[in-house]
Amino acid sequence: MIKRNIFLVLSLVIFTCRNGHSQTSARTIHWLEPYELKTAEGDYLKILSFENGHIDAENNYTAFYSERYPAGSVQLSFKISDAVFEALNEKVDLMINISEQIEVQTTLTFNKKKPYYQLRFYPFRKNPATKRIEKLVSFKISAEPIGKPIEKKPQGISSFNYASNSVLAKGNWYKIAIINDGIYRISYNDLLKLGIDPANINPENIRIYGNGGGLLPLVNTDYRPDDIQENAIYVEGQADGKFDKTDYILFYGKGQEKWTLSSNDNRFHHQRNYYADSSFYFINVDLGPGKRVQTQSSSGGANTFVNSFDDYQLYELDRFNFIKSGREWYGDPFDITPSQQFSFSFPNIDTGTPVYLKSDFAARTFDQSNGVRFKILYNGTQVQDQKVGAVCAIYTCDYCATTANNNVSYINATGADINLSVNFQAFSQPSNGWLNYLELNARRLLTLSGNQMLFRDKNSVGSGNVSQFSLDNFTSNKYKIWEITTPWNVSEQAYNLVGNTAQFNIATDSLRQFIAFTGNSFYTPVLKGQIDNQDLHGLGAMDF
């Protein structure tokens, strides 16, 4: 028997509307025959659904109603009226709490910069008189304006300016790939291999675009460049208007391993890109003069003095994904080789500052009493001892357990080479363990080592600070220092050479990053070749 409900069953929620007039829309729910569903846990449930409905897997696969409305300039109050229910005679599994009134969830969302409000509810109620569960079969949605205008920029929603066309929409483009952070060299022969005839280009028109590596933000409102950015580059020999066989291009490239100074523990921590190992850059030679590395002068009087810097290193292999799902991958297994060695080197290490070591392991054992242990030794002395708990033998349990929060320790290094032994201890079989990563932070004396050296100093940062960096082992005035804080806006840092020490002053109210290089050796990019034009920005708004 169908029962008509005369009273309102939806609480009021403030949202936006397309105009200032009252709106009422009638809706009908067409229920389908129940069906049996096997869940991911292996259980069988009797499911009730309706046409164009949705299933909530997090709430016992219960059917719910969802509808989206475009928002406008006026705030509204929403309510459901004239609700009609039928007795729920089907034998189905409903594990959610059913109340006497339908509880509606409403959310303001944005799609292509346009606001929408989303209605969602479970179309069931418990009859106030009979206490039996009923299902909703028809209702009306009413929207009443309350006269308040909607804010043009709601709190928490960022405003972006979008390019009308993509950089790659016109011209001829050539793609290259890089792996490591550092300075890359593109030669005359490299251009030939890409398909560019260096004899027929004006070197002033050489451009390189790219945003460097690292994960894109997972939150849409977080900043990211709207398009690929033009990078400041150096072109040797461009002054004569020709690109000769001895000419070359230098640019700073940033790989997919991103390090960030954490405000929580004042340490540098890494984030690898789950989806890519290479960063890509794009070369163009026919869109006019390109962006070049400019020289920035040394600042005025210094109040902070820098003769050491922060360095970091990582050991991480992505070899095993335990259940062939998820973003986390693990590396070296310990079941066959329970003791393994890992080596790091920090030239000119500051032995007065302990080295920070963070580790992460996973293990699979059924030994509920003991679990397994990972012990890390430096020069025969134990510096970490981590216990990893057991998992159960039921297939619905986690495949493995991971290390807890006691995975940080400090090493009093005696020299540049840091050789670590990792010993895996299992108390029963079968048991196995895997290394996720070893992450180290160390202080080094500010002395040039190798042909390229990245450096930064977190201790120099402070409001009003002007820091003097003194970089030793600068044996030639042809050596260069580039500031790379913003990777596509690289500047050449001017310095004074005092003996074999390069000195420069710069404001360090925020963390500044640099690379010093001798010019004797550079990285070489992987040459991918010419690509087609593309213009995603020019597609306009798409309604999916």
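Residues numbered from 1 in each chain as written. Predicted model: local features only at pLDDT ≥ 70, side-chain atom pairs only at ≥ 80, totals over all residues. Heavy atoms only, no water.

(A) Quick look at the layout of surface pockets. By volume, the second largest pocket amounts to about 280 Å³. In terms of lining, the second largest pocket is formed by 15 residues, of which the most central are H270, Q271, Y274, E316 and E328. Where the lining of the second largest pocket is concerned, the elements lending two or more residues are strand 19 (268-272) and strand 31 (431-445). Tallying contributions element by element places strand 19 first for the lining of the second largest pocket, with 4 residues. Here the residues of the lining of the second largest pocket sort into 3 nonpolar, 5 polar and 7 charged. (1 Å grid on protein atoms, 1.4 Å probe; cavity = no way out; pocket = protein on both sides within 12 Å on 5 of 7 lines; lining within 4 Å. Points joined across faces, edges and corners; volume = space filled by probe spheres on them. Helix = DSSP H or I, 4+ residues; strand = E, 2+ residues; numbered from the N terminus. Nonpolar A, V, L, I, M, F, W, Y, C, P; charged D, E, K, R; others polar.)

(B) Local environment of the state of the cysteines. Taken as a whole and assessed by the stated rule, the structure comprises 1 disulfide. In this model, C392 is linked to C397 through a disulfide, with the two sulfur atoms separated by 1.4 Å. Linking C392 and C397, the disulfide has an S-S dihedral of approximately 80 degrees and is accordingly described as right-handed. With relative accessibility at 28%, the residue C397 sits in the partly exposed group. (Disulfide = S-S within 2.5 Å. Buried < 20%, exposed > 50% of the residue type's maximum accessible area, 1.4 Å probe, protein only.)

(C) Region of the structure containing the nonpolar core. Grouped together as the largest cluster of nonpolar side chains are 28 residues, with contacts concentrated most on I29, W31, F121, L136 and F139. For this core, the elements supplying multiple residues, two or more each, are strand 7 (62-70), strand 8 (74-87), strand 10 (114-121) and strand 12 (133-149). Aside from chain neighbours lying at most four places away, what touches F121 is F64, Y65, I80, I102, E103, V104, L136 and F139. If you look at the next biggest cluster of nonpolar residues, it comprises 27 residues, including F334, F342, A363 and I418. (Core = buried A, V, L, I, M, F, W, Y, C linked by side-chain atoms within 4.5 Å. Contact = heavy atoms within 4.5 Å.)

(D) Spotlight on the packing of aromatic side chains. Following the criterion strictly, the structure yields 35 aromatic pairs and no others. Judged by centre distance (6.4 Å) and plane angle (75 degrees), the ring pair of F64 and Y122 falls under edge-to-face. In this pair, F64 is assigned in strand 7 and Y122 in the loop between strand 10 and strand 11 (124-126), connecting sequence segments 58 residues apart. When its relative accessible area of 18% is taken as the criterion, Y122 is described as buried. Consider the rings of F334 and F361, whose centres lie 6.4 Å apart with planes at 65 degrees: the pair is edge-to-face. Residue F334 is located in the loop between strand 23 (308-315) and strand 24 (339-345), and its partner F361 is located in strand 25 (residues 355-365); the two are separated by 27 residues in the primary sequence. No difference in accessibility class separates F334 from F361, as the two residues are buried. Through a chain of ring-to-ring contacts, the aromatic side chains of F309, F455, F469, F504 and F514 assemble into a single cluster. A cation over an aromatic ring shows up here: R120 above the ring of F64, its NZ or CZ 3.8 Å from the ring centre. Between the NZ or CZ atom of R364 and the centre of the ring of Y399, over which it lies, the distance is 4.2 Å. (Phe/Tyr/Trp six-rings, centres within 6.5 Å; stacked < 30°, edge-to-face > 60°. Lys NZ or Arg CZ within 6 Å of the ring centre and 35° of its normal.)

(E) Summary view of the sheet that holds strand 16 (residues 234-236). Pairing within the open sheet is antiparallel, and its 3 strands lie in the order 14-17-16. Two strands bound the open sheet, and with one partner strand each, they are strand 14 (182-187) and strand 16. Along the sheet, successive strands turn relative to each other by an average axial angle of 25 degrees, direction set aside. Both strand 16 and strand 17 (residues 248-253) contribute to a ladder of 3 bridges, which runs antiparallel. Bridge pairing in strand 17 places Y234 opposite L250. (Pairing = 2+ DSSP bridges. Axes fitted to C-alpha atoms, helices over the stretch in contact; angles between N-to-C directions.)

(F) Just the pattern of salt bridges, in detail. Applying the stated criterion across every chain yields a total of 12 salt bridges. Two residues, E230 and R207, come together in a salt bridge whose shortest N-O distance is 3.9 Å. Residue E230 is found in the loop between strand 15 (207-209) and strand 16, and its partner R207 is found in strand 15; the two are separated by 23 residues along the sequence. Judged by relative accessible area, which is 18%, E230 ranks as buried. A salt bridge links E492 to K480, with the shortest nitrogen-to-oxygen separation between them at 3.4 Å. A residue pair is termed long-range when its members are at least 10 positions apart, and E492 in strand 35 (residues 491-493) and K480 in strand 34 (residues 480-483) qualify at 12 residues. Assessed through its relative accessible area of 21%, E492 is described here as partly exposed. Since its relative accessible area comes to 27%, K480 is described here as partly exposed. (Salt bridge = Lys/Arg side-chain N within 4 Å of Asp/Glu carboxyl O.)

(G) Summary view of the side chain of Q340. Note that Q340 resides in strand 24. Of the polar contacts made by the side chain of Q340, one reaches the backbone oxygen of P333; its length is 2.7 Å. Apart from the residues within four sequence positions on either side, Q340 is in contact with D332, P333, F334, L420, S421 and V422. (Polar contact = N/O pair within 3.5 Å; in protein donor to acceptor, adjacent residues only side chain to side chain.)

(H) Spatial organisation of the pairing of strand 17. With respect to burial, strand 17 is a largely interior element, 6 of its 6 residues being buried. A two-sided burial pattern is seen for strand 17, the buried positions comprising Y248, L250 and Y252 on one face and I249, F251 and G253 on the other. Of the pairings in the sheet, the one linking strand 14 to strand 17 comprises 6 bridges and is antiparallel in character. The partner of S187 across the bridge, within strand 17, is Y248.

(I) Representation of empty space enclosed by the protein. Across all of its chains, the model carries 1 cavity of 30 Å³ or more by this definition. Considering only enclosed or pocket space, the largest cavity measures out at about 50 Å³ in volume. Q23, T24, S25, Y69, F78, Y117, I141, S142 and A143 are the residues that line the largest cavity. Every element with two or more residues in the lining of the largest cavity is listed here: strand 3 (23-28) and strand 12.

(J) Region of the structure containing unusual backbone geometry. Residues Q429 and P430 are joined by a peptide bond in cis, for which omega reads 0 degrees. Residue position: P430 is located in the loop between strand 30 (417-426) and strand 31. Of note in this structure, K324 is not a glycine but carries a positive phi near 55 degrees. With respect to the secondary-structure elements, K324 resides in the loop between strand 23 and strand 24. The phi angle at N379 is positive, at roughly 55 degrees, despite the residue not being glycine. Mapped onto the elements, N379 comes out in the loop between strand 26 (372-378) and strand 27 (381-388). Since its relative accessible area comes to 53%, N379 is described here as exposed.

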